[in-house]
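# Structural features, examined
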Number of protein chains: 2
Amino acid sequence: MNPTIELQLNHRSIRRFKEQPLTREEVDLLVKVAASASTSSYMQACSIISITDPKLKHELHQIGAQAFGKQEYIRDNGHLFVFVADTARNAEIAEEQGQEPIYQGSADRFLAAVYDATIASQNLVVAAESLGMGVIYLGSILNDTQKVVELLQLPKYTFPVFALAVGYPDQTPDAKPRLPAAITHMENRYVPIRERKAELAEYDQQLSEYYQARGDNARAETFSHMATQYTRSQFAKRPDIAKVIKSQGFLGEI
Amino acid sequence: MNPTIELQLNHRSIRRFKEQPLTREEVDLLVKVAASASTSSYMQACSIISITDPKLKHELHQIGAQAFGKQEYIRDNGHLFVFVADTARNAEIAEEQGQEPIYQGSADRFLAAVYDATIASQNLVVAAESLGMGVIYLGSILNDTQKVVELLQLPKYTFPVFALAVGYPDQTPDAKPRLPAAITHMENRYVPIRERKAELAEYDQQLSEYYQARGDNARAETFSHMATQYTRSQFAKRPDIAKVIKSQGFLGEI
């Protein structure tokens with residue numbers, strides 16, 4: 001154990017930030033840490049867009065709010081980054097040299113760019129938390145991906161993977177218990193959950209107690225119950241994601 | 001600045017590890033840190049497979065080696081993790097409760113699982129580096145994705161995103177310069193590289209000098225040149241990735 005790992009084990013999402021904005025220096029440092037992370041084949045296929053225009057920020061927050069209605073963390077206080085999987089930069093550099101960017105839209109490049117952007121984001125998250133800040137990933141911008149593409153003028157061969165709000169925490173939520181390693185960490189082969197029924201039952205019990213201890217009776221539920229949510233039709237939203245991945249030039253071969 | 005950020009800015013990939021293996025306790029701690037990271041909608045759609053069987057490890061390394069031939073970092077010394085984007089667990093839990101997992105293969109869930117696995121991996125990376133270990137991401141397992149699926153017995157609704165080798169460094173490579181924030185960090189809208197030609201020229205110059213200072217004349221090249229590599233046909237490999245994404249049950253709607 002060491003301070004870095006202690007920090008990481010202590011991670012929880014922050015949904016309410018103080019009014020104290022990040023300074024320009026803080027933002028620059030966070031972006032620099034994001035860029036220092038590993039990148040697939042050194043292609044650096046990630047761009048980060050800081051949303052500083054209040055109107056634009058509001059519009060992006062509205063996209064998140066429209067589906068779930070109760071995202072109280074959609075506040076103006078956090079600094080809002082949008083992470084972009086970006087093979088457009090390298091495609092443009094190649095075209096400039098007279099080469100066809102024939103491969104930039106492939107599944108291989110799409111995944112590599114998604115990895116680059118996501119790895120960079122999590123590096124930024126750890127750095128932010130080490131500075132006493134808190135973060136929340138906002139996958140909710142994908143509620144209307146096409147709108148995000150238009151608002152941010154995202155060209156072909158780019159895809160907005162998620163947003164990330166970063167600020168000084170104005171709350172101290174509990175860390176939610178995670179699935180035990182006995183379920184998620186396997187050796188040499190994939191182990192289906194039906195071979196880990198006892199461990200799942202124990203985790204369900206633990207999670208149920210966690211919610212009850214929070215006095216959150218409405219959510220005295222188990223992971224097994226929560227895991228079914230994406231089989232229920234009201235969660236079958238975001239029908240346009242696949243369409244936008246394709247219209248942005250990716251995965252044409254699928 | 002603080003020790004965590006100093007560590008992150010000091011990141012470089014390690015391609016040669018000492019013979020000292022990770023202890024069981026070290027592996028368990030790293031996996032715990034991975035699980036502590038953010039997870040989309042609390043679905044925890046990530047599994048981690050440790051490859052401890054020497055024969056299996058060799059086979060996975062061969063998949064990486066076959067395309068590039070010279071992956072000297074494909075060594076037996078590092079601990080090899082395979083990260084799996086996994087909506088199969090929750091699909092199975094839902095089916096157990098008599099629900100159809102109608103939504104687990106959607107683009108939305110596929111991306112969320114890829115994010116979960118990638119975020120977890122980068123959290124593990126920072127923890128490993130804080131313990132004096134080094135890492136290398138091995139996207140190269142996707143050279144033959146179907147083979148990986150078979151070797152690890154990966155069921156429908158899972159996808160092996162990449163492997164990660166972790167060990168004690170037996171080399172001290174330089175950190176490679178990254179694209180400047182003037183190019184990668186934008187404000188309120190996407191900025192195409194054609195609007196940042198001067199910054200790119202400067203970075204090309206910097207990278208060229210970096211390679212020359214390393215005495216690596218063979219690689220005295222620029223980012224602009226490297227960025228064209230994925231437009232050249234010899235890099236148009238991995239034609240099966242899209243097919244495997246689909247045959248694993250994902251992105252059927254594209």
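Residues numbered from 1 in each chain as written. Chains lettered and ligands numbered in written order. Predicted model: local features only at pLDDT ≥ 70, side-chain atom pairs only at ≥ 80, totals over all residues. Heavy atoms only, no water.

### Topic: the interface of chain B and chain A
Taken residue by residue, the interface counts 116 residues in chain B and 116 residues in chain A. Counting the surface lost from both chain B and chain A, the interface buries some 10,000 Å², and carbon and sulfur atoms represent 61% of this. Our count for the chain B to chain A interface comes out at 4 salt bridges. For Glu96(B), the salt bridge is made with Lys197(A), and the minimal N-O distance between the two is 3.4 Å. Connecting chain B to chain A are 49 residue pairs in polar contact (both at pLDDT 80 or more). (Contact = heavy atoms within 4.5 Å. Buried area = accessible area lost by both parts, 1.4 Å probe. Salt bridge = Lys/Arg side-chain N within 4 Å of Asp/Glu carboxyl O. Polar contact = N/O pair within 3.5 Å; in protein donor to acceptor, adjacent residues only side chain to side chain.)

### Remarks on helix 8 (residues 197-213) of chain A
Counting along an α-helix, one turn takes 3.6 residues, and residues three or four places apart therefore face a common direction. Taking 1.5 Å of rise per residue, 17 residues should cover 24 Å, and helix 8 of chain A covers 24 Å from first to last C-alpha, within 8% of that figure. Among all positions of helix 8 of chain A, only Leu200(A), Tyr203(A), Asp204(A), Leu207(A), Ser208(A), Tyr210(A) and Tyr211(A) are buried. Down the axis of helix 8 of chain A, the sector holding all buried residues measures 155°, keeping them to one side. Opposite the buried face of helix 8 of chain A, at more than 90 degrees from it, the exposed residues are Ala198(A), Glu202(A) and Ala213(A). Buried residues in helix 8 of chain A make contact with helix 7 (181-184) and helix 9 (223-226) of chain A together with helix 4 (88-96) of chain B. Following helix 8 of chain A by one or two positions, Gly215(A) adopts a phi angle in the positive range, close to 75°. (Helix = DSSP H or I, 4+ residues; strand = E, 2+ residues; numbered from the N terminus. Expected span 1.5 Å × (residues − 1). Buried < 20%, exposed > 50% of the residue type's maximum accessible area, 1.4 Å probe, protein only. Arc of directions from axis to C-beta.)

### Concerning the sheet that holds strand 1 (residues 46-51) of chain B
Spatially, 5 strands are ordered 5(A)-1(B)-2(B)-4(B)-3(B) in an open sheet, and the strand pairing comes out mixed. In this open sheet, the two strands that pair with only one neighbour each are strand 5 (185-187) of chain A together with strand 3 (134-138) of chain B. Neighbouring strand axes in the sheet, compared pairwise and without regard to direction, differ in orientation by 25° on average. In the sheet, strand 1 of chain B pairs with strand 2 (residues 79-86) of chain B via 6 bridges, with the strands oriented antiparallel. Considered in strand 2 of chain B, the bridge of Ile48(B) is made with Phe83(B). (Pairing = 2+ DSSP bridges. Axes fitted to C-alpha atoms, helices over the stretch in contact; angles between N-to-C directions.)

### What to know about helix 4 (residues 88-96) of chain A
Residues and elements named next belong to chain A. With 7 of 9 residues buried, helix 4 is to be regarded as a mostly interior element. Every buried residue of helix 4 is listed here: Ala88, Arg89, Asn90, Ala91, Glu92, Ile93 and Ala94. After helix 4 finishes, the residue Gly98 shows a positive phi value of roughly 80°.

### Notes on the relation of the copies chain B and chain A
For these two chains of identical sequence, chain B goes onto chain A by a turn of 180° and a shift of 0.0 Å along the axis, with RMSD 0.0 Å. Both copies are brought into coincidence by an operation consistent with a two-fold rotation axis. In this assembly, 100% of the residues forming the interface of chain B have copies in chain A that are likewise at the interface, indicating an isologous arrangement. (Least-squares fit on C-alpha atoms with pLDDT ≥ 70 in both.)

### Comments concerning the sheet that holds strand 5 (residues 185-187) of chain B
Sheet strands pair via backbone hydrogen bonds, and the direction of the pair is either parallel or antiparallel. Read across the open sheet, the 5 strands follow the order 3(A)-4(A)-2(A)-1(A)-5(B); overall the sheet is mixed. If you trace the sheet from one side to the other, it starts and ends with strand 3 (134-138) of chain A together with strand 5 of chain B, each paired once. Each adjacent strand pair in this sheet contributes to an overall mean axis angle of 25°, direction not counted.

### Side note on the domain arrangement of chain A
Assigned domains of chain A: these are domain 1 (3-173 + 235-248) and domain 2 (181-229). Using C-alpha coordinates to define each centre, domain 1 of chain A is positioned 29 Å away from domain 2 of chain A. (Domains from an automatic or database assignment.)

### Description of the nonpolar core
Ranked by size, the top nonpolar core spans 142 residues in total, and within it Phe159(A), Phe83(B) and Phe159(B) carry the most contacts. With residues up to four places along the chain from it excluded, the contact list for Phe83(B) reads Cys46(B), Ser47(B), Ile48(B), Ala117(B), Ala120(B), Ser121(B), Leu124(B), Phe159(B), Pro160(B), Val161(B), Phe162(B) and Leu164(B). (Core = buried A, V, L, I, M, F, W, Y, C linked by side-chain atoms within 4.5 Å.)

### Focus on the pairing of strand 3 of chain B
Of all 5 residues in strand 3 of chain B, 5 are buried, a share of seventy percent or more. Of the two faces of strand 3 of chain B, the one lined by Gly134(B), Ile136(B) and Leu138(B) and the one lined by Val135(B) and Tyr137(B) are each fully buried.

### Re unusual backbone geometry
Although it is not a glycine, Tyr42(A) sits at a positive phi angle of roughly 60°. Under the relative-accessibility criterion, Tyr42(A) is labelled buried at 5%.

### Looking at the pairing of strand 1 (residues 46-51) of chain A
Each regular strand carries side chains that alternate between the two faces of the sheet. Within strand 1 of chain A, 6 of the 6 residues are buried, which leaves it mostly tucked inside the rest of the structure. Residues Cys46(A), Ile48(A) and Ser50(A) point to one face of strand 1 of chain A and Ser47(A), Ile49(A) and Ile51(A) to the other, with burial holding for every one of them. Judged from the 3 bridges that link them, strand 1 of chain A and strand 5 of chain B form a sheet pairing that is parallel. Bridged to Ile49(A) within strand 5 of chain B is Met186(B).

### A look at the packing of aromatic side chains
This model, assessed by the stated rule, comprises 20 aromatic pairs over all chains. Ring plane angle 55° and centroid distance 6.5 Å describe the contact between Phe81(A) and Phe83(A), whose orientation is recorded as tilted. The two residues Phe81(A) and Phe83(A) agree in class, both being buried. Ring geometry for Tyr137(B) against Phe162(B): centres 5.0 Å apart, planes inclined by 90°, an arrangement best described as edge-to-face. Taken as a pair, Tyr137(B) in strand 3 and Phe162(B) in strand 4 (residues 158-167) lie far apart in primary sequence, 25 residues in all. Taken together through their ring pairs, the aromatic side chains of Phe81(A), Phe83(A), Tyr137(A), Phe162(A) and Tyr115(B) make up a single cluster. Seen from the ring of Tyr42(B), Lys176(A) lies directly overhead, with NZ or CZ sitting 4.0 Å from the centre. (Phe/Tyr/Trp six-rings, centres within 6.5 Å; stacked < 30°, edge-to-face > 60°. Lys NZ or Arg CZ within 6 Å of the ring centre and 35° of its normal.)

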